Amino acid sequence: MSSRTRSATSSRARARQCGSRHFPKRQENDNRNLVDTRRMNAGEFVHFMSGAVGRDLSGMAQQAFNSGFNRAQFDQAKVNFPSITC
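Notes on the structure follow.

Criteria and cut-off values
All residue numbers refer to positions counted from 1 along the written sequence of the respective chain. This being a predicted model, a pLDDT of at least 70 is required before a residue's local features are given, and a value of 80 or more before pairs of side-chain atoms are given or counted; all residues contribute to the totals for chains, interfaces and linings. Hydrogens and waters are ignored; side-chain quantities use all the structure's heavy atoms. Under the scheme used here, helices are H or I runs from DSSP no shorter than 4 residues and strands are E runs no shorter than 2 residues, and both carry numbers assigned from the N terminus. Only protein chains enter the accessibility calculation, which uses a 1.4 Å probe; a residue whose area is less than 20% of its type maximum is buried, one above 50% is exposed, and one in between is partly exposed. What makes two residues a contact is simply this: any of their non-hydrogen atoms within 4.5 Å. Here the accessible surface of atoms and residues is derived via Shrake-Rupley with a 1.4 Å probe, and residues count as covered only by protein chains that are part of the display. We call Phe, Tyr and Trp rings a pair once their centres come within 6.5 Å, taking the six-membered ring for Trp, and we label the pair stacked below 30 degrees between planes, edge-to-face above 60, and tilted otherwise. For the purposes of these results, a polar contact is taken to be a pair of N or O atoms within 3.5 Å, where, inside protein, one atom must be able to donate a hydrogen and its partner to accept one; residues adjacent in sequence count only when each atom of the pair is a side-chain atom. The set of buried Ala, Val, Leu, Ile, Met, Phe, Trp, Tyr and Cys residues whose side-chain atoms join them within 4.5 Å is what this entry labels a nonpolar core.

1. A word on the overall build of the protein
Looking only at helices and strands, the protein features four helices and two strands. Along the chain direction, N to C, the helices and strands of the protein fall in the order α-β-β-α-α-α. For the protein, the residues scored as buried account for 26% of the 86 residues in total. Intrachain contacts of the protein at a sequence separation of at least 6 include 55% that bridge at least 24 residues. By element, 48% of the accessible surface of the protein is carried by carbon and sulfur atoms, the whole surface being about 5,900 Å².

2. Thoughts on the packing of aromatic side chains
Following the criterion strictly, the structure yields two aromatic pairs and no others. For the ring pair Phe48 and Phe81, a centre distance of 5.2 Å and an interplane angle of 65° mean the geometry is edge-to-face. Of this pair, Phe48 sits in helix H2 (residues 42-53) while Phe81 sits in the segment after helix H4 (71-80), and the two are 33 residues apart along the sequence. When sorted by exposure, Phe48 lands in the same class as Phe81, which is buried.

3. Quick look at the environment of Ile84
Tracing the chain through its elements places Ile84 in the segment after H4. The spacing of Ile84 and Phe48 is 36 residues in sequence and 6.6 Å in space, taken between C-alpha atoms.

4. Points about the side chain of His47
As for its placement among the helices and strands, His47 is situated in helix H2. A distance of 3.0 Å separates a polar atom in the side chain of His47 from the backbone oxygen of Phe81. Every residue in contact with His47, bar those within four places of it in the chain, is listed here: Phe74, Ala77, Lys78, Phe81 and Ile84.

5. Here we look at the nonpolar core
Val46, Met49, Leu57, Ala61, Phe69 and Phe74 form the largest nonpolar core, which has six residues in total. Residue contacts for Leu57: discarding those within four places in its chain leaves Val46, Met49 and Ser50.

6. Remarks on unusual backbone geometry
With a phi angle near 50°, Asn66 is a residue other than glycine that sits in the positive phi range. Tracing the chain through its elements places Asn66 in the loop between helix H3 (58-65) and H4. For Asn66, a relative accessible area of 52% translates into the label exposed.

Read these as layout, nothing more, since geometry by itself doesn't imply function.
This is how it looks when you write it as structure tokens:
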């Protein structure tokens, strides 16, 4: 495995950890399971990934996703989840 692949894998793992700690959850199945209360939007995803890699990925997301990336969602994610930093 190349160092770039290892880095990408660890970044995804850090983003998942951030999501599991900070994204809203609810209990189900007689309180045995925690599940997300809703799906993460693209702006939130980019914000969590930015926090995982330690830099703002919104410009790269804008280029990659074009109209699929909503800058307003990203800005709102920064307000909603201020402890995720990059």
